[in-house]
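Here is what each chain is made of, one letter per residue.
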Amino acid sequence: GWVPVPVKGIAPAARAQHCAVLVGDQMVVYGGANATRQFNDVWSLDLRHFSWQELRPVCGTAPPVELGLREQHFRVKSCRSILALHQMKLLVLGAARGNAAPKRYGLYVFDLERREWKTAPVVPQGLWRGNAAGWVSRCAVGEELWVDGGHLGDDNQPRQILLRLQTGLTRLVRQTVRGISALPHENLKLVFSFLSGSVADLI
């Protein structure tokens with residue numbers, strides 16, 4: 001059965017449509033909304049001592065939030081982003097629309113150790129789906145971010161969207177490497193590996 005747990009510390013504001021992930025003996029919570037506003041804060045609940053702590057970012061820009069959220073919007077809008085864990089980084093697919101601005105999409109990364117937000121350059125930009133689930137899995141070529149379900153506008157068809165966390169070589173990198181093509185094969189492999197990296201490493 002359910003047992004109430006006394007929790008210590010200042011708790012996050014009451015909200016719904018937030019997302020959470022387990023990190024060791026912590027539960028990390030991001031975002032959500034209430035009847036008047038959408039949140040983009042990060043909180044940690046210590047599961048040993050049951051105490052809350054806000055993980056305030058020291059630098060970087062958090063994912064944008066929906067402006068002018070009203071109670072009727074809260075009941076029908078998709079306010080919950082997905083949250084996945086990659087090493088000690090939170091991956092958040094965010095989207096927001098200003099009063100007259102188009103909707104913006106992006107993959108945002110919150111480093112739990114450095115407490116900083118960064119934005120990852122990803123393609124395609126239309127990955128975000130409200131109220132979806134997300135997780136990171138390993139595959140033969142590296143790691144992948146899966147987004148399952150959710151909906152975007154009038155599109156509520158069940159979908160699975162995949163983002164490989166391995167980047168390809170950019171045009172700038174290819175042009176740079178042309179000048180060192182005379183290097184031995186082993187050295188070239190090292191240079192390519194260093195320059196390509198992965199999305200999580202680049203950020």
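What counts and what doesn't
- Residues numbered from 1 in each chain as written.
- Predicted model: local features only at pLDDT ≥ 70, side-chain atom pairs only at ≥ 80, totals over all residues.
- Heavy atoms only, no water.
- Pairing = 2+ DSSP bridges.
- Helix = DSSP H or I, 4+ residues; strand = E, 2+ residues; numbered from the N terminus.
- Axes fitted to C-alpha atoms, helices over the stretch in contact; angles between N-to-C directions.
- 1 Å grid on protein atoms, 1.4 Å probe; cavity = no way out; pocket = protein on both sides within 12 Å on 5 of 7 lines; lining within 4 Å.
- Points joined across faces, edges and corners; volume = space filled by probe spheres on them.
- Nonpolar A, V, L, I, M, F, W, Y, C, P; charged D, E, K, R; others polar.

Per an unreviewed UniProt entry, the protein is named Kelch domain-containing protein 3, and its organism is Cladocopium goreaui.

Draft legend 1. Structural context of the sheet that holds strand β2 (residues 26–30). The sheet built from four strands is open, its strands ordered β1-β2-β3-β4 with antiparallel pairing. On the outer flanks of this sheet lie β1 (19–23) and β4 (51–54), each paired with one strand and no other. This sheet shows a mean twist of 25 degrees between the axes of neighbouring strands, independent of strand direction. Where β2 and strand β3 (residues 42–46) come together, five bridges link them in antiparallel fashion. Bridge assignment links valine 29 to a residue of β3, and that residue is tryptophan 43.

Draft legend 2. Spotlight on the environment of leucine 152. Tracing the backbone through its elements, the reader meets leucine 152 in the loop between β10 (142–148) and β11 (160–164). On a C-alpha basis, the gap between leucine 152 and asparagine 131 in space is 9.1 Å, while along the polypeptide they are 21 residues apart.

Draft legend 3. Structural view of the sheet that holds strand β9 (residues 133–139). In space, the three strands of this open sheet follow the order β9-β10-β11, with antiparallel pairing throughout. Each having just a single partner strand, β9 and β11 make up the two edges of the open sheet. Across the sheet, the axes of successive neighbouring strands diverge by a mean angle of 25 degrees, strand direction being ignored. The pairing of β9 with β10 spans seven bridges and is classified as antiparallel.

Draft legend 4. Spotlight on the layout of surface pockets. Within this model, the second largest pocket holds a volume of roughly 160 Å³. What lines the second largest pocket is a set of 14 residues, and nearest its centre among them are Gln26, Ser44, Gln53, Leu55 and Arg115. Top element by residues in the lining of the second largest pocket is β4. It accounts for three residues. Here the lining of the second largest pocket is composed, by residue class, of six nonpolar, four polar and four charged.

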